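An overview of the molecular structure
Below are the chains, spelled out letter by letter.
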Amino acid sequence: MQQDVRFAKSHEWISPVVGGVATVGISAYAVEALTDLVFMQLPTVGRKVKAGESIGEIESVKAVSDLYAPVSGEIVEVNTSLPDQLETLGKDPFGAGWIVKIRPDQPAEIEALLDRAAYEALIGSQPH
Amino acid sequence: MSESATSPLPRPTILRETALCRWHAAHGGRMVDFAGWNMPVQYTSIVDEHLATRSSVGLFDVSHMGRLSVTGPGALAWLESMLTRKVAGIVPGQFRYTLVTADAPATLVILDDALVSRDTDAADGTPRMGLVVNAGNRERVVAWLRSRLPASGVELVDHTLDTVMIAVQGPSAVDVVAGLCPGGDGPRIRALGNYRGTTATVAGHAAAVSRTGYTGEDGVEVTVAAKDAVAVWEAILAAAAPLGGRPCGLGARDTLRLEAGMPLYGHELLPHSDPFALGLGLAVNLEGRTFPGSVALATMKAGKPARVRVGLDLGSKRSAREGNVVLGGAGYTPAGGDVGVVTSGSFAPTIGHAVAMAMIDTALAAEGTAVEIAIRDARQPARVVGLPFHRRPAGGGKPAAGG
């Protein structure tokens with residue numbers, strides 16, 4: 001497991017910046033909580049987003065959830081194969097289950113997010 | 001992800017529990033507040049539970065639904081005067097789908113949809129009637145019916161808390177339950193017609209068994225005393241599991257009834273609905289009968305509804321949800337801009353894509369009509385189709401609306 005990812009309270013993870021770009025996905029906890037995923041809408045490449053802005057949606061049999069940008073920046077790549085293999089989100093959340101790549105405006109925003117221990121404390125306090 | 005982004009304030013609600021509640025929680029049930037009851041929405045996966053019910057057996061705890069008995073020498077005649085469905089001709093062991101209506105002057109108020117049944121008559125020949133009503137409507141239905149009870153001759157008792165009802169649904173459901181019954185009980189259960197019931201001993205416990213359900217599958221609903229709930233549930237599950245049977249939550253129950261085109265109170269069926277527009281005319285018998293709301297219903301029956309209930313096939317993975325607006329196709333521009341509203345919608349596991357039920361302008365209700373549904377920022381094309389979306393293979397009785 002990657003130890004250096006950071007998490008938003010809204011369950012997205014973001015990798016460290018490599019070559020100006022960070023990778024974003026959602027946590028296995030979130031996938032397990034949603035279950036029965038059937039549909040995903042991804043943002044368009046080139047879109048400028050603000051931290052906390054909805055950049056897509058993930059739909060389960062029961063409900064639709066927004067996917068939020070964990071930091072401000074530009075969407076530079078999206079995982080276009082993901083909507084056809086949503087099971088990847090749960091099986092390989094930090095690998096093939098990545099969702100978008102983003103060029104952060106301020107990489108320091110990532111450091112302000114939850115580290116793994118803080119995120120695990122957050123989800124440990126939530127009812128499953 | 002919006003869900004759980006912030007921790008909601010704890011609500012001090014005390015939820016009601018069925019006699020199976022602890023079993024559900026101990027076996028992985030994801031418990032939610034459903035109409036004030038602590039119920040499992042799913043155990044592992046709504047899709048897996050849905051498909052198990054279509055292919056084998058699903059067990060559902062439906063004990064939150066209200067179970068009322070109406071007994072005494074005047075029981076039959078009184079129900080005949082209270083319900084939209086004709087009760088007078090009902091024979092012991094028969095069930096009928098009905099609406100429970102109240103009336104303000106010239107105004108119809110639908111309180112619930114329900115199953116009315118006639119059990120075996122008492123030893124002295126007086127009829128014993130039953131009503132099964134929705135969990136969320138139970139208290140007001142009981143209060144309404146009590147307010148209309150005659151001074152004597154009819155007794156209404158709410159048995160919801162001292163019994164459980166287990167829905168056993170799917171192509172193997174009748175075999176599973178009949179196999180747990182000794183002597184002649186098993187064959188009698190196998191021989192039950194649709195919307196017929198009998199008493200039986202199931203896994204050693206006294207039970208009422210009816211060929212009813214809310215999934216579009218063949219199956220039975222088994223009612224036993226609350227003290228026998230876990231023993232009977234576990235015996236049915238043990239018999240079903242080798243066939244692929246599994247416990248199912250209310251999430252699968254909702255997707256199953258959607259595929260079966262069955263209305264749900266609070267979604268399709270509302271206090272001021274026109275039941276004829278919903279395709280529920282069979283639940284309303286006005287011939288020579290007077291009951292609360294019958295005058296308003298006669299007016300509705302004679303009129304032409306502005307909107308009717310239809311099925312919509314989206315053909316997509318994206319689902320329409322209750323409240324989404326339906327827009328007309330090219331060339332149809334109504335004054336208000338919209339032509340209908342979605343009442344229930346979901347990914348349909350048996351079908352493999354999303355379907356919905358909607359109330360739609362009568363002019364657009366013909367099968368094959370192309371419409372669009374506004375879903376968040378998208379306009380999703382859809383096609384009007386007949387209901388149900390899924391019809392089980394021939395054999396057994398035909399599915400009918402339940403509550």
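Comments concerning the overall build of chain A
Looking only at helices and strands, chain A features four helices and nine strands. Secondary structure of chain A in N-to-C order comes out as β-β-β-α-β-β-β-β-β-α-β-α-α. Compactness check: chain A gives a C-alpha radius of gyration of 13 Å against a globular reference of 14 Å for 128 residues, within 12% of the reference. Referenced to the eigenvectors of the C-alpha coordinate spread, the extents of chain A come out at roughly 35 × 30 × 25 Å. Residues counted as buried form 39% of the 128 residues belonging to chain A.

Focus: the interface of chain A and chain B
Tallying the contact residues gives 19 residues for chain A and 16 residues for chain B. Of all the secondary-structure elements, those providing two or more residues to the side of chain A that touches chain B are α1 (28-34), β4 (37-41) and β7 (64-68) of chain A. Residue contributions to the side of chain A that touches chain B peak at four residues, all from β7 of chain A. For the side of chain A that touches chain B, the class distribution of residues is eight nonpolar, five polar and six charged.

Overview of the sheet that holds β4 of chain A
Residues and elements named next belong to chain A. With antiparallel pairing, three strands are arranged side by side in an open sheet as β4-β6-β7. Of all the strands in the sheet, the pair left with one neighbour each is β4 and β7. Here the strands of the sheet are splayed against their neighbours by 25 degrees on average, with no regard to which way each runs. Judged from the four bridges that link them, β4 and strand β6 (residues 54-60) form a sheet pairing that is antiparallel. Looking at β6, one finds that L37 is bridged to S60.

Points about the nonpolar core
All names here are of chain B. Core analysis: the largest hydrophobic core is formed by 140 residues, its most contacted members being V168, V177, V202 and I236. Here the element with the most residues in this core is strand β17 (residues 353-361); it accounts for seven residues. No fewer than three residues from each of domain 1 (12-305) and domain 2 (307-385) sit in this core.

A word on the sheet that holds strand β10 (residues 197-202) of chain B
Residues and elements named next belong to chain B. Reading across from one edge, β10-β11-β12-β9-β3-β13 is the order of the six strands in this open sheet, with mixed pairing throughout. In the strand order of this sheet, the two ends are held by β10 and β13 (246-248), each with one partner. Between one strand axis and the next, the sheet turns through 30 degrees on average, direction left out of account. Contacts from helix α2 (residues 46-55) reach β3 (58-61), β9 (163-169) and β13 within the one sheet, and its direction differs from that of β13 by about 120 degrees.

What about α2 of chain B?
All names here are of chain B. In terms of residue burial, α2 counts as a mostly covered element, since seven of its ten residues are buried. Among the residues of α2, I46, V47, E49, H50, A52, T53 and R54 are the ones counted as buried. In the core, the buried residues of α2 are packed alongside β2 (37-42), β3, β9, β13 and α8 (250-259).

Observations concerning the domain arrangement of chain B
Residues and elements named next belong to chain B. Domain boundaries assigned for chain B yield domain 1 (12-305) and domain 2 (307-385). Inter-centroid distance (C-alpha atoms) of domain 1 to domain 2 is 29 Å. On the side of domain 2, 15 residues touch domain 1, which itself brings 16 residues to the contact. Considering every element that reaches the side of domain 1 that touches domain 2, the biggest residue donor is α2, with four residues. Of the residues contributing to the side of domain 1 that touches domain 2, the split by class is seven nonpolar, five polar and four charged.

Re the confidence of the model for chain B
Residues and elements named next belong to chain B. Per-residue confidence for chain B gives a mean pLDDT of 93, with 93% of residues at or over 70. When the criterion is pLDDT under 50, residues 2-6 qualifies, and its contacts beyond four places in sequence or with other chains add up to nine contacts. In the predicted structure, residues 396-403 sits below a pLDDT of 50 and forms 28 contacts with residues beyond four places in sequence or in another chain. What the predictor reports for the complex is a pTM of 0.93 with an ipTM of 0.88.

Digging into unusual backbone geometry
Residue L387 of chain B is joined to P388 of chain B through a cis peptide bond whose omega torsion reads 0 degrees. As for its placement among the helices and strands, P388 of chain B is situated in the segment after β19 (378-385). Not every positive phi belongs to a glycine, and H11 of chain A is a case in point at roughly 85 degrees. Within the fold, H11 of chain A resides in the loop between β1 (6-7) and β2 (12-14).

Examining the environment of T18 of chain B
Residue and element names in this part refer to chain B. Checked against the element boundaries, T18 lands in the segment before α1 (21-26). Accessibility expressed as a C-beta count within 10 Å gives 26 for T18, which makes it buried. Expressed as a C-alpha distance, the spacing of T18 and S63, which sit 45 residues apart in the sequence, is 6.0 Å. When near neighbours in sequence (up to four residues on either side) are disregarded, T18 contacts W37, D61, S63, H64 and V164.

Some points on the environment of G323 of chain B
All names here are of chain B. Among the secondary structure elements, G323 is positioned in the loop between β14 (307-313) and β15 (325-328). By C-beta crowding, G323 is classed as exposed, having 10 other C-beta atoms within 10 Å. Sequence-distant contacts of G323, defined by excluding residues within four places in its chain, comprise V341 and V342.

Some thoughts on the packing of α2 of chain B against α8 of chain B
Residue and element names in this part refer to chain B. Here α2 crosses α8 at 55 degrees, and the two axes come no closer than 8 Å. Compared by their axis directions, α2 and α8 come out oblique. For the pair α2 and α8, the crossing hand works out as right-handed. Residues I46, E49, H50 and T53 of α2 pack against G251, A252, T255 and L256 of α8.

Looking at the pairing of β17 of chain B
All names here are of chain B. With eight of nine residues buried, β17 lies mostly within the body of the structure. Sheet topology note: the strand β16 (residues 340-348)/β17 ladder contains eight bridges and is antiparallel. Among the inter-strand pairings, F347 is bridged to a residue of β17, identified as A354. Remark: four residues form the turn of the hairpin made by β16 and β17, two consecutive strands paired antiparallel; G352 in that turn has positive phi of roughly 95 degrees.

Cut-off values and rules
- Residues numbered from 1 in each chain as written.
- Chains lettered and ligands numbered in written order.
- Predicted model: local features only at pLDDT ≥ 70, side-chain atom pairs only at ≥ 80, totals over all residues.
- Helix = DSSP H or I, 4+ residues; strand = E, 2+ residues; numbered from the N terminus.
- Rg over C-alpha atoms; globule rule 2.2 N^0.38 Å.
- Buried ≥ 20, exposed ≤ 12 C-beta atoms within 10 Å, placed from the backbone.
- Contact = placed C-beta atoms within 7 Å.
- Nonpolar A, V, L, I, M, F, W, Y, C, P; charged D, E, K, R; others polar.
- Pairing = 2+ DSSP bridges.
- Axes fitted to C-alpha atoms, helices over the stretch in contact; angles between N-to-C directions.
- Core = buried A, V, L, I, M, F, W, Y, C linked by C-beta atoms within 7 Å.
- Domains from an automatic or database assignment.
- pLDDT = per-residue confidence, 0-100.
- Parallel < 35°, antiparallel > 145°, perpendicular 65-115°, else oblique.
- Left-handed = near helix turned anticlockwise from the far one by under 90°.

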